[in-house]
Amino acid sequence: MAMKNAQDRYGFIAKLLHWVMAFLILDLVVMGVAMTGLPTGEQKAQIFDAHKFLGMTAFVLVLLRAGWRLIDTAPRLPASISHVQQRLVGVAHGLMYVLMLIVPVLGALVAQSAGKPVPFFFELPVMVVRDEALHEILAKIHGACAMVLVGLALAHALVALAHHWVWKDDVLRRMTRWRRQDLRPR
Ligand code: HEM
Ligand code: HEM
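Residues numbered from 1 in each chain as written. Chains lettered and ligands numbered in written order. Predicted model: local features only at pLDDT ≥ 70, side-chain atom pairs only at ≥ 80, totals over all residues.

Here's the deal with the site of ligand 1
What counts is decided by this rule: Put plainly, near means the residue's C-beta atom, positioned from the backbone, lies within 6 Å of the molecule or strand in question. Going along the chain from the N terminus, every DSSP run of H or I of four or more residues is numbered as a helix, and every run of E of two or more is numbered as a strand. In the scheme used here, Gly and all other residues not listed as nonpolar or charged are polar, with Ala, Val, Leu, Ile, Met, Phe, Trp, Tyr, Cys and Pro taken as nonpolar and Asp, Glu, Lys and Arg as charged.
Gly32, Gly55, Gly107, Gly143 and Ala146 are the nearest of the 24 residues found near ligand 1. Looking at the shell around ligand 1, the elements with two or more residues in it are helix H1 (12-36), helix H2 (42-71), helix H3 (83-113) and helix H4 (132-165). The biggest single contributor to the shell around ligand 1 is H2, with seven residues. Within the shell around ligand 1, the residues separate by chemical class into 16 nonpolar, seven polar and one charged.

Here it is in structure tokens:
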């Protein structure tokens, strides 16, 4: 299987990073929402630690993914998709990248502004001092940006499913199928 993208399909590395990150981000959002309501205690602290670790993992993966995206040109969308729609897809993908980058950075600032460390193989250098008011604001922005990211991702997933079931083209299959012969002949 090709590691790199071709003109009409994603390669193994782009697919792997896309699906691992999709799973991780959806998991982090559910975890984030569920954990904030827990009573203070050992269990809450452990879940916060797991959220921070998985969130930092998502950050490292998105750095790798953004770097790979610069090296490996994305496949072209089918010609049946209008120029305006292609621009919209580009904007939506770009926005998701920006959010995937800033949400974890904000998360680290949320933890540090509460005076909590961010251990991740090594401890992250302190970027903000402990400040209760700042912590409240950062926590709200972190949560809101995560919600915008997941909202965009869900809308994007619905469009991908519509390509498959309604418009019956290969847009979903070229991100899901692992073997060349699984794509429809053109
Ligand atoms: C893509 C990565 C991430 C996503 C999607 C995400 C998502 C979320 C969500 C949805 C919440 C709940 C917000 C609320 O209900 O107010 C939350 C809370 C939180 N996240 Fe993240 N997070 C990510 C990465 C991180 C990272 C890397 C850290 C720290 C290193 C972090 C630290 C926190 C903390 C401390 C809270 C609790 C905020 C509070 O006290 O209200 N997150 N996260
Ligand atoms: C948190 C969840 C998700 C995020 C953040 C996300 C993000 C992205 C991004 C940034 C791209 C652009 C290509 C790249 O650089 O990798 C992409 C492509 C794609 N995604 Fe997602 N995605 C998510 C979930 C899903 C789901 C659930 C589906 C399917 C039901 C899906 C289907 C696709 C398809 C088909 C493409 C290729 C579109 C094209 O050919 O241009 N994604 N996704």
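Quick look at H3
Counted only if it meets this: By this rule, a helix spans an expected 1.5 Å times one less than how many residues it contains. Counts of 20 or more other C-beta atoms within 10 Å of a residue's own C-beta define buried residues, counts of 12 or fewer define exposed ones, and intermediate counts define partly exposed ones; C-beta atoms are placed from the backbone. It is the C-beta atoms, placed from the backbone, that decide contacts: two residues are in contact if theirs lie within 7 Å.
The end-to-end C-alpha distance of H3, which contains 31 residues, comes to 44 Å, matching closely the 45 Å that a straight helix rising 1.5 Å per residue would cover. Looking only at H3, the buried set comprises Leu99, Met100, Val103, Pro104, Gly107, Ala108, Val110, Ala111, Gln112 and Ser113. Looking at the packing, one finds that the buried side of H3 touches H2 and H4. Of the residues flanking the end of H3, it is Gly115, one or two places downstream, whose phi is positive at about 80°.

Quick notes on the site of ligand 2
Lining the immediate environment of ligand 2, one finds 21 residues, of which Ala22, Ala153, Ala157, Ala160 and Met175 sit closest. Mapped onto the shell around ligand 2, the elements with two or more residues apiece are H1, H3, H4 and helix H5 (173-176). Residue classes in the shell around ligand 2 are distributed as 16 nonpolar, three polar and two charged.

Some remarks on unusual backbone geometry
Residues other than glycine seldom take positive phi values, yet Phe121 does so here, at roughly 60°. When you line up the elements, Phe121 lands in the loop between strand E1 (119-120) and strand E2 (122-123). Here Phe121 falls in the exposed class, since 8 other C-beta atoms lie within 10 Å of it. One non-glycine residue, Lys168, lies in the positive phi region at around 50°. Among the secondary structure elements, Lys168 is positioned in the loop between H4 and H5. The class for Lys168 is exposed, based on 9 C-beta atoms found within 10 Å.

Some remarks on the environment of Phe59
If you trace the backbone, Phe59 turns up in helix H2. Remark: the alpha-carbon pair of Phe59 and Ile102, spanning 43 residues in sequence, is separated by 8.7 Å.

Looking at the packing of H3 against H4
To keep it simple, the criterion reads: Here an angle of 0 to 180 degrees is reported between the N-to-C directions of two axes, which are lines fitted to C-alpha atoms, with helices fitted over the stretch in contact. Our angle categories are set so that under 35 degrees counts as roughly parallel, over 145 as roughly antiparallel, 65 to 115 as roughly perpendicular, and the remainder as oblique. Two helices crossing with the near one rotated counterclockwise from the far one by less than a right angle form a left-handed crossing, whereas a clockwise rotation gives a right-handed crossing.
Direction vectors running N to C along H3 and H4 enclose 155°, while the axes themselves pass 9 Å from each other. Taken together, H3 and H4 sit at an angle that is classed as roughly antiparallel. Crossing of H3 against H4: the hand is left-handed.

Quick word on the nonpolar core
Using the following cut-off: By our criterion, buried Ala, Val, Leu, Ile, Met, Phe, Trp, Tyr and Cys residues that link up through C-beta atoms within 7 Å make up a nonpolar core.
If you look at the biggest cluster of nonpolar residues, it comprises 10 residues: Ile25, Leu28, Ala58, Val62, Leu99, Met100, Val103, Ala146, Leu149 and Val150. Of all elements in the fold, only H1, H2, H3 and H4 reach the threshold of two or more residues within this core. For Val62, the residues in contact, after removing those within four places along its chain, are Met21, Met100 and Leu101. Judged by nonpolar contacts, the second largest core, of five residues, contains Ala108, Val110, Val118 and Leu138.

Focus: the packing of H1 against H4
Contact geometry of H1 with H4 gives a least axis separation of 11 Å together with a crossing angle of 135°. Considering the angle they form, H1 stands oblique to H4. Crossing handedness for the pair H1 and H4: left-handed. Contacts from Ile25, Leu26, Val29 and Gly32 in H1 reach Gly143, Ala146, Leu149, Val150 and Ala153 in H4. Looking at the contact of H1 with H4 residue by residue, the class counts come to seven nonpolar, two polar and no charged.

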